[in-house]
Amino acid sequence: MKHNTFLGAVLGAMICSATAYAIEPGDTAPAFTVKNVKGEEVSLADQKGKVVVLEWNNHDCPYVKKHYGSGNLPKLQETYTAKGVVWISINSNAGVNASDLAARSAKEGSKASQVVVDPDGKVGKAYGALTTPHMIVIGKDGKVAYNGAIDSINSTDAADIEKADKHVVAALDALLSGKTVELAKTKPYGCGVKYAK
Amino acid sequence: MAGMNFSVLLAAGLPLVAPLSAAVKSGHAMAELIAGVSSYQPGKSFPVAVRLTVDPGWHTYWINPGVGGMPVKATWTLPEGWTAGELQQPVPKRFMTGDLPGFGYEGETVFLVDLTPPAGATGEAECKVKLAWLTCDESACVPGDAELSVKLEAGNGKPGKEAAAVEAAKKIPVPPAQDLLFGVEEREGRLILSVLSSEIDLAGVSAFPATPDVIDPAEPLTFEKGKDAWMASGKKSEYLKGPVTQLDIVVSGGKLKQPLLLSWRAEE
């Protein structure tokens, strides 16, 4: 490039910004213990040796409505829990109420193994969950195998689900057949997680 | 009393303008389609404007929405042989939604689209657009959509209700008149942007990355004057796979008369 001579000075003057640590594919999935909507403790450590899906969720978000209203997420939950996958839906919104979430999840047809609450956002922040939905897939080895969007089309239109590349399905199918997840990181799309301030 | 109003208009000798669809409210925004001409000329492009007015406290998103959010999407249904250009988006502002940085618009935004009738077009043409957007505020996101249409007769293409379109055109970034030697280089996880300073003054401009997922939107882009070039740097997006190959940025304000779109492509 033509402007190499100026770069040294500019670089010298630059200060690296501090940004939150994001979990990268290959990292050990951070341990957590949270309560499900029935008040029981759910621990990642108890799922050892299983493929685990973490799905950040907020039923008031139009992106989440796209995937529940269309039946897409309940169907994925049903399909993969039948294959031994542990599917944990997490709500990290500030002050999320367990009994309200239990009722709402039932109404939306959730087939998740666990619906858990993270009202102080600890689990969400440990995983760098940005949006609803934001999907993390953890392999049997306890390492993060996929981090990102549910699929490839950033929209609230359920008609796009069929047309999209299904990133989470691809990751799960690869893990369940002992293969490497090819696309391990994408940019999640959705509403921001409404963390406690 | 609609009939009476109509006759009053006729009596006042006001010209009849092309019928326009009424504004449509959906979610937290109101959408409207405005033609820049009173009629179309076969074979000749003309602009139409899409006006989106977002409720106070809410925002909608630019072509690079940042993290979360969704760009406004326009899907056209046009008579046979007609084509629609891209939804041309004005300069955005940068905002935070909770912890997430984003680019977009508050209040009223006017987008432009060029429509082109085929050379052999005749008679009345109905141009329809389905618009979809997302508005968010600190605590929620609400989608909106609207189907809008405009009917135009073939004619001399004289300007119609063009005021909004003309006003909008000033805010749409354009490529610079001459090549400005815009360079991008990757160094230690950061992207260094340079614009040769002999031909442009970028003092005090606002700069925004228009290509999504190349520069992390977490920090604002700021140009400072070096010896021979204006320089800015931004953290490389964690979602950019491999080396940087292209970047468009928008610069506006400062001493610029018109917002500019600067494009960089890696040499083959």
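Note that the coordinates shown come from a computational prediction; the quantities given were computed from them, not determined experimentally.

### A closer look at the interface of chain B and chain A
Then, number 1: Contact with chain B, which involves 33 residues of that partner, is made by 27 residues of chain A.
Then, number 2: Elements with a minimum of two residues in the side of chain B that touches chain A: β10 (125-136), β11 (141-152), β12 (182-187), β13 (190-196) and β16 (229-235) of chain B.
Then, number 3: The dominant element in the side of chain B that touches chain A, judged by the number of residues it contributes, is β16(B), at four residues.

### Some details on the sheet that holds β13(B)
All names here are of chain B.
Then, number 1: Spatially, the four strands line up as an open sheet ordered β12-β13-β16-β15, and their pairing is antiparallel. Two strands lie at the open edges of the sheet, namely β12 and β15 (224-225), each paired on one side alone.
Then, number 2: One ladder, built from two bridges, connects β15 with β16; its direction is antiparallel. Along β16, the bridge assignment pairs Lys-225 with Trp-230.

### Considerations on the pairing of strand β8 (residues 100-105) of chain B
Residues and elements named next belong to chain B.
Then, number 1: The buried fraction of β8 is high, at five of six residues.
Then, number 2: The pairing of strand β4 (residues 60-66) with β8 spans three bridges and is antiparallel. Across the sheet, Tyr-61 pairs through a bridge with Gly-104, a residue of β8.
Then, number 3: Bridging between strand β7 (residues 93-97) and β8 involves five bridges; their strand directions are antiparallel. By the bridge assignment, Arg-94 is partnered in β8 with Phe-103.
Then, number 4: Linking two consecutive strands that pair antiparallel, namely β7 and β8, is a turn of two residues; a positive phi of about 60 degrees is found at Gly-98 within it.

### Points about helix α2 (residues 62-69) of chain A
Then, number 1: With six of its eight residues buried, α2(A) lies for the most part within the structure.
Then, number 2: Buried within α2(A) are the following residues: A:Pro62, A:Tyr63, A:Val64, A:Lys66, A:His67 and A:Tyr68.
Then, number 3: Where α2(A) is buried, its residues meet α3 (72-81), β6 (131-132) and β9 (191-192) of chain A together with β11 of chain B.
Then, number 4: A:Gly71 sits one or two positions beyond α2(A) and adopts a positive phi of about 85 degrees.

### Section: the pairing of strand β4 (residues 86-91) of chain A
Residue and element names in this part refer to chain A.
Then, number 1: Counting buried positions along β4 yields five of six residues, so the element is predominantly enclosed.
Then, number 2: Bridge count between strand β3 (residues 52-56) and β4: five bridges; the pairing is parallel. Opposite Glu-55, over in β4, you have Ser-89 as the bridge partner.
Then, number 3: Here four bridges tie β4 to strand β5 (residues 114-117), and the two strands are oriented parallel to one another. Among the inter-strand pairings, Asn-91 is bridged to a residue of β5, identified as Val-117.
Then, number 4: Of the crossover connections in this fold, the one passing from β4 over helix α4 (residues 98-107) to the parallel β5 is right-handed.

### Let's talk about the domain arrangement of chain B
It is common to report an interface's size as the accessible area lost on association of the parts.
All names here are of chain B.
Then, number 1: Entries for chain B in the domain assignment read domain 1 (16-169) and domain 2 (182-265).
Then, number 2: Distance from the C-alpha centre of domain 1 to the C-alpha centre of domain 2: 27 Å.
Then, number 3: Taken residue by residue, the interface counts nine residues in domain 1 and 11 residues in domain 2.
Then, number 4: Tallying contributions element by element places β4 first for the side of domain 1 that touches domain 2, with three residues.
Then, number 5: A breakdown of the residues in the side of domain 1 that touches domain 2 according to their chemical character gives six nonpolar, two polar and one charged.

### Concerning the sheet that holds strand β8 (residues 144-148) of chain A
All names here are of chain A.
Then, number 1: One open sheet accounts for seven strands, arranged β2-β1-β5-β4-β3-β7-β8; its pairing is mixed. Lying at the two open borders of the sheet, with one neighbouring strand each, are β2 (41-43) and β8. Sheet twist, expressed as the mean angle between neighbouring strand axes with direction ignored, is 30 degrees.
Then, number 2: Two elements, strand β1 (residues 33-36) and β5, share two bridges in a ladder whose sense is antiparallel. Following the sheet pairing, Asn-36 is matched in β5 by Val-116.
Then, number 3: Together, β1, β4 and β5 form the strand contacts of α4, whose direction differs from that of β5 by roughly 150 degrees.
Then, number 4: Where helix α6 (residues 167-176) meets the sheet, its contacts fall on β7 (135-138) and β8, and the angle it forms with β8 comes to roughly 175 degrees.

### Some points on the confidence of the model for chain A
Then, number 1: Overall, the prediction assigns chain A a mean pLDDT of 91, with 89% of residues at 70 or greater.
Then, number 2: Across residues 1-20 of chain A the pLDDT falls below 50, and counting only partners more than four positions away or on other chains, this stretch makes 28 contacts in the model.

### Let's talk about α3(A)
Residues and elements named next belong to chain A.
Then, number 1: Regarding α3, the residues found buried are Leu-73, Leu-76, Gln-77 and Tyr-80. When α3 is viewed along its axis, its buried side chains cluster within an angular range of 100 degrees and face the same direction.
Then, number 2: In the core, the buried residues of α3 are packed alongside β3, α2, β4 and α6.

Analysis parameters
Residues numbered from 1 in each chain as written. Chains lettered and ligands numbered in written order. Predicted model: local features only at pLDDT ≥ 70, side-chain atom pairs only at ≥ 80, totals over all residues. Contact = placed C-beta atoms within 7 Å. Helix = DSSP H or I, 4+ residues; strand = E, 2+ residues; numbered from the N terminus. Pairing = 2+ DSSP bridges. Buried ≥ 20, exposed ≤ 12 C-beta atoms within 10 Å, placed from the backbone. Right-handed = clockwise from strand over helix to strand, strands pointing away. Domains from an automatic or database assignment. Nonpolar A, V, L, I, M, F, W, Y, C, P; charged D, E, K, R; others polar. Axes fitted to C-alpha atoms, helices over the stretch in contact; angles between N-to-C directions. pLDDT = per-residue confidence, 0-100. Arc of directions from axis to C-beta.

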